[in-house]
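Read off the chains here:
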Amino acid sequence: MSSRSKEKFAAAFRKLFRSSEKLDNDGAGPSGSPARRGLLRRHRDGVSPAEAAASLPASPGATSMVKKKSGGASEVRERAAVVRTRRLMKELKEIQRLQEDRTDPIFTVELVNDNLFEWHVRLHQIDPESDLAADLRELHIPNILLHLIFPENFPFAPPFMRVIEPRIEKGFVMEGGAICMELLTPRGWASAYTVEAVVMQFAASVVKGQGRVARAPPRPSREFSRRRAEEAFRSLVKTHDKYGWVTPALSDG
């Protein structure tokens, strides 16, 4: 074969090869991949790029990354749950020990429906010389009932606490029984604070704020509930974050 013939044959072969490659890339040739042909067909049918991308098999690296992120978040939640449980079990055990050792404990604790993360605290003793203590004696009310709910990130975030009964006026007690104390806010909270410290701070605050047992029935528009307390607490936190806080020091409790 002459050199000219060889060149013509090579040119024809390259042309044929490019034509075959184009067909393959367009998904129309027999060697086009099924996934690519399906993807192009779905685009022609009006399917969005996001849907089309979802139809392709994920790469092993991407799948591994998703599993790793999901596993990491799950592990963080599990560790947080362990920390919260251990801390509350330790505090509950200590409080129960003190309750058993004293015939007249300052406060007692019971779980709400056996839920470790929701407590009822009964405050039996406050300053006996205060007007609030006089009200309690006069009305034969044995204690102040508090409701504490511990969030998932406790002890790194404070519990939510409100007064359930009796209904108290002033004394830093707000709508729905919410309590105005910086210690109960993320800004004023420290993970070293214990439930005992929180309760004793409240006992000091309610007296210093001249709290009294409400005698008149509440107005229908002033709902006394957890929902109302949470709303009132969020509102007062915003106000105090803007203008500052003035509450009794923890050492006063």
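Refer to the structure above for everything that follows.
In short, a report on the structure. Please read all numbers here as calculations on a predicted model, not as lab measurements.

### Comments concerning the environment of T108
Here comes step 1: Mapped onto the fold, T108 is located in strand 1 (residues 107-112).
Here comes step 2: Taking the C-alpha atoms as reference points, T108 and I95, 13 residues apart in sequence, are found 7.6 Å from one another.
Here comes step 3: Setting aside chain neighbours within four positions, we find T108 in contact with Q99, H120, V121, R122 and H124.
Here comes step 4: Only 2.9 Å separates the side chain of T108 from the side chain of H124, close enough to count as a polar contact.

### Focus: the packing of aromatic side chains
Here comes step 1: Evaluation of the coordinates by the stated rule reveals 5 aromatic pairs.
Here comes step 2: Ring centres 5.0 Å apart and planes at 65° place the aromatic pair W119 and F150 in the edge-to-face group. Taken together, the positions of W119 in strand 2 (residues 115-123) and F150 in the loop between strand 3 (144-149) and strand 4 (160-165) put the pair 31 residues apart, joining distant regions of the chain.
Here comes step 3: Accessibility expressed as a relative area gives 0% for W119, which makes it buried.
Here comes step 4: By the ring-pair criterion, three or more aromatic residues cluster together here, those being W119, F150, F154, W189 and Y193.
Here comes step 5: Lying across the ring of F117, R84 places its NZ or CZ 3.5 Å from the centre.

### Examining helix 6 (residues 195-208)
Here comes step 1: The end-to-end C-alpha separation of helix 6 is 20 Å, in line with the 20 Å expected for 14 residues at 1.5 Å each.
Here comes step 2: Taken across its 14 residues, helix 6 has 11 buried, putting it largely inside the fold.
Here comes step 3: Those residues of helix 6 not exposed but buried are V195, A197, V198, V199, M200, Q201, F202, A203, A204, S205 and V206.
Here comes step 4: Note on helix 6: the residue one or two positions beyond its end, Q210, has a positive phi of about 60°.

### A word on the sheet that holds strand 2
Consider a sheet: its strands pair through backbone hydrogen bonds, and that pairing is either parallel or antiparallel.
Here comes step 1: Strand order in the open sheet formed by 4 strands is 1-2-3-4, and the pairing between neighbours is antiparallel. Single-partner strands in this sheet number two, and they are strand 1 and strand 4. Each adjacent strand pair in this sheet contributes to an overall mean axis angle of 30°, direction not counted.
Here comes step 2: Where strand 1 lies against strand 2, 6 bridges are found, and the strand directions are antiparallel. Pairing of T108 across the sheet is with R122, part of strand 2.

Reading the values: rules and limits
Residues numbered from 1 in each chain as written. Predicted model: local features only at pLDDT ≥ 70, side-chain atom pairs only at ≥ 80, totals over all residues. Heavy atoms only, no water. Helix = DSSP H or I, 4+ residues; strand = E, 2+ residues; numbered from the N terminus. Contact = heavy atoms within 4.5 Å. Polar contact = N/O pair within 3.5 Å; in protein donor to acceptor, adjacent residues only side chain to side chain. Phe/Tyr/Trp six-rings, centres within 6.5 Å; stacked < 30°, edge-to-face > 60°. Buried < 20%, exposed > 50% of the residue type's maximum accessible area, 1.4 Å probe, protein only. Lys NZ or Arg CZ within 6 Å of the ring centre and 35° of its normal. Expected span 1.5 Å × (residues − 1). Pairing = 2+ DSSP bridges. Axes fitted to C-alpha atoms, helices over the stretch in contact; angles between N-to-C directions.

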